[in-house]
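A structural walkthrough
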Amino acid sequence: TGDTARRFVTDHALEDRVRFRNLTYEEVEKDWRERGGHTSPALWDGTRLHQGAEAVVARLMAVVNLGRDDA
């Protein structure tokens, strides 16, 4: 759900990297649809629209893990 994705953002302090937008606003929905939006929550990473809570959280996990040492 959207709550799952939102909670992931707040739990991992990603608020400075993720902007929440509400699809009830016409301009926001237009942007979402232009990027192929059909499922929410969704996350635009600048290249691709990740749709559905599982896909959004997976993409956010990649952001959280970026730069960590594997050692």
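Structure: above.
Each value, and the rule that gives it
Residues numbered from 1 in each chain as written. Predicted model: local features only at pLDDT ≥ 70, side-chain atom pairs only at ≥ 80, totals over all residues. Heavy atoms only, no water. Salt bridge = Lys/Arg side-chain N within 4 Å of Asp/Glu carboxyl O. Helix = DSSP H or I, 4+ residues; strand = E, 2+ residues; numbered from the N terminus. Buried < 20%, exposed > 50% of the residue type's maximum accessible area, 1.4 Å probe, protein only. Phe/Tyr/Trp six-rings, centres within 6.5 Å; stacked < 30°, edge-to-face > 60°. Lys NZ or Arg CZ within 6 Å of the ring centre and 35° of its normal.

Under the counting rule described, the total for this entry stands at four salt bridges. A salt bridge links Arg33 to Glu29, with the nearest nitrogen and oxygen atoms 2.9 Å apart. With Arg33 and Glu29 both in helix α2 (residues 26-34) and four residues apart, the pair spans about one turn of that helix. Residue Arg33 is classed as partly exposed on the basis of its relative accessible area, which comes to 48%. Here Glu29 falls in the partly exposed class, since its relative accessible area comes to 28%.

The next subject is the packing of aromatic side chains. Within this structure, the stated rule accounts for zero aromatic pairs. Positioned above the aromatic ring of Phe20 is the side chain of Arg6, whose terminal nitrogen or guanidinium carbon lies 4.0 Å from the ring centre. The ring of Trp44 carries Arg35 above its face, with NZ or CZ at 4.6 Å from the centroid.

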